[in-house]
Amino acid sequence: MSDPEQTPIETPAAWLRFADENLAVAEREMAADTPAYHTVCFLCQSAAEKYLKGYLIAQGWELEKTHDLVALLTRCADYEERFASLREGGAVLNE
């Protein structure tokens, strides 16, 4: 059983699971005859946000309410500089 002191939203594994779900739905939608592109973009942004938050929480970061991928990538780059190269793509998904 999980630690009762930790809610699922505070665990990296939960964030990664939620991100995987978002991405799976986006992939299924893209396989449709007429994909809902706006929804696919929304789900991809949401998945990226959750993956980044999961990574940050695993590093000891305290959860902050933000949906800004560039800000999250900047924080991730504090732990691993390779994240900095993803900021341009993060800015596109932010749109």
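This text follows the structure it describes.
Residues numbered from 1 in each chain as written. Predicted model: local features only at pLDDT ≥ 70, side-chain atom pairs only at ≥ 80, totals over all residues. Heavy atoms only, no water.

J.: Tell me about the packing of aromatic side chains, and name the residues and values.
T.: Following the criterion strictly, the structure yields 2 aromatic pairs and no others. Measuring from centroid to centroid gives 6.5 Å for Tyr55 and Tyr79, while their planes differ by 75 degrees, and the two rings are edge-to-face. Pair noted here: Tyr55 is in helix α2 (residues 37-58) and Tyr79 is in helix α3 (residues 69-79), with a separation of 24 residues, a long-range link. Judged by its relative accessible area of 22%, Tyr55 is partly exposed. A relative accessible area of 41% means that Tyr79 is categorised as partly exposed. Between Tyr55 and Phe83, the aromatic rings sit 4.7 Å apart at their centres with planes inclined by 45 degrees, giving tilted as the arrangement. (Phe/Tyr/Trp six-rings, centres within 6.5 Å; stacked < 30°, edge-to-face > 60°. Helix = DSSP H or I, 4+ residues; strand = E, 2+ residues; numbered from the N terminus. Buried < 20%, exposed > 50% of the residue type's maximum accessible area, 1.4 Å probe, protein only.)

J.: Explain the pattern of salt bridges residue by residue, including any values.
T.: One pass over the structure, following the stated rule, counts 3 salt bridges. The partner of Lys53 in a salt bridge is Glu49, with the nearest N and O atoms 2.8 Å apart. With Lys53 and Glu49 both in helix α2, this residue pair falls 4 residues apart, about one helical turn. Note on accessibility: Lys53 and Glu49 belong to one class, buried. Close ionic contact of Glu64 with Arg75 constitutes a salt bridge, the shortest N to O distance being 3.3 Å. On the criterion of sequence distance, the pair formed by Glu64 in the loop between α2 and α3 and Arg75 in helix α3 is long-range, its members being 11 residues apart. Classification of Glu64 by relative accessible area gives partly exposed; the value is 34%. Classification of Arg75 by relative accessible area gives partly exposed; the value is 34%. (Salt bridge = Lys/Arg side-chain N within 4 Å of Asp/Glu carboxyl O.)

J.: Tell me what's going on with the nonpolar core, and back it up with residues and numbers.
T.: Among the nonpolar cores identified, the biggest contains 12 residues, and these are Trp15, Ala48, Leu52, Leu56, Ile57, Trp61, Leu69, Leu72, Leu73, Cys76, Ala77 and Phe83. Of all the elements in the fold, those that place two or more residues in this core are α2 and α3. At 5 residues, α3 tops the list of elements feeding residues into this core. Every residue in contact with Trp61, bar those within four places of it in the chain, is listed here: Lys53, Leu56, Leu72, Arg75 and Tyr79. (Core = buried A, V, L, I, M, F, W, Y, C linked by side-chain atoms within 4.5 Å. Contact = heavy atoms within 4.5 Å.)

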